[in-house]
Amino acid sequence: MDGRQRQGPMGEAQRETPRESQGRQPSAADGPLPGPGRTAQAAAGVRGRPAVAAVVLAAGMATRMGGVKQVLPVDGEPMVRRVVAAALMAGLSPVWVVTGHGAAAVQAALAGMPPDVRFVYNPDYAAGQAASLKAGVRAAAGDAAALGAGARGPDETAAGPRLAAAAPQGLAVLLADQPFVQPATLRRLVDLAFEPGALAAAAAYGPGRPGPPCVLRPPLWPAVLQLTGDRGARAVLLAAGGALRVLPVSPEELGDIDGPGDLELIRRPRPR
């Protein structure tokens, strides 16, 4: 978000976390993909974890890359599908995929995913990331305006019409062009966001640079809805002050695919 940089971890405010495997594709070791009879949110509830939804921002025009980069293959799987799978394996539900540029290709890349995976179309995707982030927040919060005329894709869910659901207790924000983020990282961010006194948790990109993936609790959502232009949630995260928790995550895991020069990241062999 907001001009991400691949920098080292933040300073003294950081919290320690077990070392994650780098760039590994989510696998059965991370937990099963929830199926129609066992949603991720239900599985999380059994464990007593907070009900946290996810928004995957997949509406960008990919001007530096060209085409629909969200569906470029990583280890034989579309990038956006890897990101959605990581969210599901982390127990996040529902997973809202915000589409725009190349919406049909993105939805096709997610065919057959569990009904936890839902779509919201952002007709203003060319205006920048803020419009997509707001569309995702409104959808996750159950705001009817987010699903009104001109703001809905051809399919509301991967399996049929959207069902009404209670607003989640938190919202994870992920980028479709960060295909190496691990389920364990997302679970740790959820834990940090629900610590006493916390309202948000985010990956650390450097001093004063929190970024995606991140988790926002409902008191911060109105501030997200005030964002404009090509801005992500960084301003909202920073405004949270002492209510923000940051998590050291390796640059390899946070690697994003922005332009042709980044294609080496998705071609590089990775441990299974």
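Report follows, based on the coordinates. (Residues numbered from 1 in each chain as written. Predicted model: local features only at pLDDT ≥ 70, side-chain atom pairs only at ≥ 80, totals over all residues. Heavy atoms only, no water.)

**Regarding the pattern of salt bridges**
Applying the stated criterion to the full structure yields five salt bridges. As a salt-bridge pair, Lys69 and Asp177 come within 2.9 Å of each other at their nearest N and O atoms. Taken together, the residues span a long stretch of sequence, with Lys69 in the loop between β1 (52-58) and β2 (73-74) and Asp177 in the loop between β6 (170-175) and α5 (183-193) at a distance of 108 residues. Given the relative accessible area of 10%, Lys69 is considered buried. The class for Asp177 is buried, based on a relative accessible area of 9%. (Salt bridge = Lys/Arg side-chain N within 4 Å of Asp/Glu carboxyl O. Helix = DSSP H or I, 4+ residues; strand = E, 2+ residues; numbered from the N terminus. Buried < 20%, exposed > 50% of the residue type's maximum accessible area, 1.4 Å probe, protein only.)

**Focus on the sheet that holds β6**
In space, the seven strands of this open sheet follow the order β5-β4-β1-β6-β8-β7-β9, with mixed pairing throughout. Strand pairing shows two members of the sheet lacking a second neighbour, β5 (117-121) and β9 (244-248), which therefore form its edges. For this sheet the average axis-to-axis angle between neighbouring strands, irrespective of direction, equals 25°. Bridge count for β1 against β6 is six bridges, and the pairing is parallel. Within β6, the position partnered with Val52 by the bridge is Gly170. (Pairing = 2+ DSSP bridges. Axes fitted to C-alpha atoms, helices over the stretch in contact; angles between N-to-C directions.)

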